[in-house]
Amino acid sequence: MKKTIALITAIIMCAGAFSCSGKNSIPKVQTIDADLISTMNLSAEDTLLPDEITSVYAVYSVTDGKEVLISASTADRPFVLYKSDDTLKSFEEIGLGDFPKDNSYDCTVSSDGSIILVFSNGDGTVTFRKYDSSGKVISENNAEIDAENTGFYISGIVSADGNTCILGIDGRYYAADVQGTIYCELKLDSAEKMISRAGVNSDGELVCLSESEEGTAVYTAVITDGKLQGGKNVYSLTESVISNPTASADGRHSILFPTKSGVYGVRRDDNIPERLFAYTDLLIEPDNVSDVCTLSDGRFAVVQNTFTGSPKLTVLSEGGNADNSDEPVEKRNVKVAVSMKTTELEKAAVKYNTTHDDSRIALVEYGPSGDENSARNADDLKLEIVAGDI
């Protein structure tokens, strides 16, 4: 369903980025620093998921964050959808029907609450099935994929309007619609790059990330007559994005990037990027996080899957302390220079940040002196020490 993208070294949003063919230049990149200090002070609380869930694929914020949908699997069912209000206290299944275990599935939820489910048939075709918010089937259509694509593994689907969409099949992405039309495989104009993830921003534009050796480009655009057109904004982020980018439900951020260490956002009012929080600020191990969404009041819902236990849904709320007491405490932010962010160091940072109310640490990677391939190197560290920044 959703798979982690390799290291992102450039995120680019630009005009005229997509088409079925052609060329386009890449604009100047504005950097989003992966080691920014978190701007939000949050407390974490786990909420109970239905006992039968064995794995959670994704969490979706719908109806402006007043409802949440969760796609998951159980021991005997490969795809199940659950619904809750924004209290996240109880979940009920949305009856989409039963599906064969051997198929591949993914779904997306439109702003009006309609659900688009796509599943492979293993014969070079896929099926688009659209439901209303209660699970009633609105339409069902099959689509043929090109002869070179078996159409077995669904690697993602997003839709801005409930009709046109970007569909990932066997690692290749296509412009499509729920009527079963596959317009073309999407190509980047500027280079031969594969699209590896997609989402929707606050303007209703489709957002795609594409990985290459130089980095990962992310373009915003709209589909018109089967082609992606238009776009804006240019950013770079030196970190892996783990789930689809999306707008915040409370309207504060035009786009959010859940990464391997935390969540970054671009403020809607002034277009300035920031890191909202790091998982190590809370009782969350970064390796366990698989998806994040926001609610209407600014809270976050974080999905955690582990190999040894049941999945968890953790709710993050503004204010509070490491021990979840209500009285907010001003925290001192401390940068810790490391040569590599190992799992052991990240776990140590989690333990520290969840047991200290007066301070929190952020791990910052530095490469060897003179290393131009690292975002920071030992020469930068010396300058930061002299300036008192670390």
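Treat the numbers as computed from the prediction; the structure is a model and nothing was measured.

Considerations on the overall build of the protein
Next up, step 1: On a plain count of helices and strands, the protein comes out with two helices and 29 strands.
Next up, step 2: A burial count over the protein gives 53% of its 390 residues as buried.
Next up, step 3: The long-range share in the protein, meaning contacts at least 24 apart out of those at least 6 apart in sequence, stands at 53%.

Notes on the sheet that holds strand S22 (residues 253-258)
Within a beta sheet, neighbouring strands are joined by backbone hydrogen bonds and run either parallel or antiparallel to one another.
Next up, step 1: If you walk across this open sheet you meet the three strands as S22-S23-S24, and the pairing is antiparallel. Here the strands that pair on one side only, and so sit at the sheet edges, are S22 and strand S24 (273-278). For this sheet the average axis-to-axis angle between neighbouring strands, irrespective of direction, equals 25 degrees.

Quick notes on the pattern of salt bridges
Next up, step 1: Throughout the structure, instances matching the rule amount to nine salt bridges.
Next up, step 2: Here Arg 252 ties to Glu 318 by a salt bridge, and the two come within 3.1 Å at their closest N and O atoms. Separated by 66 residues along the polypeptide, Arg 252 in the loop between strand S21 (236-237) and S22 and Glu 318 in strand S27 (residues 312-318) bring together distant segments of the chain.
Next up, step 3: The class for Glu 318 is partly exposed, based on a relative accessible area of 46%.
Next up, step 4: Glu 274 is the partner of Arg 267 in a salt bridge, and the nearest nitrogen-oxygen pair spans 3.3 Å.
Next up, step 5: Here Arg 267 falls in the partly exposed class, since its relative accessible area comes to 25%.
Next up, step 6: Members of the salt-bridge network, linked through shared partners, are Asp 250, Arg 252 and Glu 318.

Here we look at the packing of aromatic side chains
Next up, step 1: Inspection of every chain in the model, using the stated rule, returns five aromatic pairs.
Next up, step 2: When the centroid spacing of 6.3 Å and the interplanar angle of 15 degrees are considered together, the rings of Tyr 57 and Phe 79 count as stacked. You can see Tyr 57 sitting in strand S4 (residues 53-62) and its partner Phe 79 sitting in the loop between strand S5 (67-74) and strand S6 (80-85), a full 22 residues away along the chain.
Next up, step 3: Of the aromatic side chains, those joined through ring pairs into one cluster are Tyr 57, Phe 79, Tyr 105 and Phe 119.

Regarding the pairing of strand S13 (residues 164-169)
Side-chain positions along a regular strand alternate between the two faces of the sheet.
Next up, step 1: Burial within S13 is extensive, with six of its six residues counted as buried.
Next up, step 2: Bridge analysis of strand S12 (residues 154-158) against S13 gives four bridges, and the strand direction is antiparallel. Across the sheet, the residue bridging to Ile 154 is Ile 169, located in S13.
Next up, step 3: What sits between the antiparallel neighbours S12 and S13 is a turn of five residues, in which Gly 162 has the positive phi angle 80 degrees.
Next up, step 4: Direction of pairing for S13 relative to strand S14 (residues 172-177): antiparallel, over a ladder of six bridges. Counted as the bridge partner of Cys 165 is Ala 176 from S14.
Next up, step 5: Remark: two residues form the turn of the hairpin made by S13 and S14, two consecutive strands paired antiparallel; Asp 170 in that turn has positive phi of roughly 50 degrees.

Here we look at the sheet that holds strand S8 (residues 105-109)
Next up, step 1: Across the sheet, four strands lie side by side as S8-S9-S10-S11; this open sheet has antiparallel pairing. Each end of this open sheet is capped by a strand with a single partner; those strands are S8 and strand S11 (137-144). Between one strand and the next, the sheet's axes are offset by a mean angle of 15 degrees, whatever the strand orientation.

Comments concerning the environment of Asn 163
Next up, step 1: When you line up the elements, Asn 163 lands in the loop between S12 and S13.
Next up, step 2: For Asn 163, a relative accessible area of 27% gives the class partly exposed.
Next up, step 3: Along the backbone, Asn 163 and Val 178 are 15 residues apart, and their C-alpha atoms lie at a distance of 5.4 Å.
Next up, step 4: If we ignore the near neighbours within four places in the chain, the residues touching Asn 163 are Ile 116, Ala 176, Asp 177, Val 178 and Gln 179.

Quick word on empty space enclosed by the protein
To find leftover empty space, one rolls a probe the size of a water molecule over the atoms.
Next up, step 1: Across all of its chains, the model carries six cavities of 30 Å³ or more by this definition.
Next up, step 2: Each pocket or cavity is described by its volume, and for the largest cavity that value is around 120 Å³.
Next up, step 3: As for the largest cavity, its lining consists of Ser 261, Arg 275, Ala 278, Thr 280, Asp 281, Pro 286, Lys 341, Glu 346, Ile 361, Ala 362 and Leu 363.
Next up, step 4: Within the residue set of the lining of the largest cavity, elements represented by two or more residues are S24 and strand S29 (359-365).
Next up, step 5: Among the elements that make up the lining of the largest cavity, the one with the highest residue count is S29 (three residues).
Next up, step 6: A breakdown of the residues in the lining of the largest cavity according to their chemical character gives five nonpolar, two polar and four charged.

Some details on the environment of Ile 166
Next up, step 1: Assignment of secondary structure puts Ile 166 in strand S13.
Next up, step 2: On the basis of relative accessibility, which here comes to 1%, the residue Ile 166 falls in the buried class.

Observations regarding the layout of surface pockets
Next up, step 1: In this model, the largest pocket occupies a volume close to 750 Å³.
Next up, step 2: Taken together, the elements giving at least two residues each to the lining of the largest pocket come down to S4, S8, S12, strand S17 (194-200) and strand S25 (289-294).
Next up, step 3: For the lining of the largest pocket, a count of residues per class yields 15 nonpolar, 17 polar and four charged.

Focus: the side chain of Ser 84
Next up, step 1: Along the polypeptide, Ser 84 turns up in strand S6.
Next up, step 2: Judged by its relative accessible area of 3%, Ser 84 is buried.
Next up, step 3: Among the polar contacts made by the side chain of Ser 84, one reaches the main-chain carbonyl oxygen of Ser 90 at a distance of 2.9 Å.
Next up, step 4: Excluding its chain neighbours within four sequence positions, the residues that come into contact with Ser 84 are Glu 67, Val 68, Lys 89, Ser 90 and Phe 91.

Quick notes on the confidence of the model for the protein
Next up, step 1: Chain-level pLDDT for the protein is 76 on average; 73% of the residues reach the 70-or-more range.
Next up, step 2: Scored below 50 in pLDDT, residues 21-27 makes 15 contacts in the model with residues more than four places away or belonging to other chains.
Next up, step 3: Segment residues 321-326 is flagged for pLDDT under 50; beyond a separation of four residues in sequence, or across chains, it makes 15 contacts in the model.

Cut-offs and rules
Residues numbered from 1 in each chain as written. Predicted model: local features only at pLDDT ≥ 70, side-chain atom pairs only at ≥ 80, totals over all residues. Heavy atoms only, no water. Helix = DSSP H or I, 4+ residues; strand = E, 2+ residues; numbered from the N terminus. Buried < 20%, exposed > 50% of the residue type's maximum accessible area, 1.4 Å probe, protein only. Contact = heavy atoms within 4.5 Å. Pairing = 2+ DSSP bridges. Axes fitted to C-alpha atoms, helices over the stretch in contact; angles between N-to-C directions. Salt bridge = Lys/Arg side-chain N within 4 Å of Asp/Glu carboxyl O. Phe/Tyr/Trp six-rings, centres within 6.5 Å; stacked < 30°, edge-to-face > 60°. 1 Å grid on protein atoms, 1.4 Å probe; cavity = no way out; pocket = protein on both sides within 12 Å on 5 of 7 lines; lining within 4 Å. Points joined across faces, edges and corners; volume = space filled by probe spheres on them. Nonpolar A, V, L, I, M, F, W, Y, C, P; charged D, E, K, R; others polar. Polar contact = N/O pair within 3.5 Å; in protein donor to acceptor, adjacent residues only side chain to side chain. pLDDT = per-residue confidence, 0-100.

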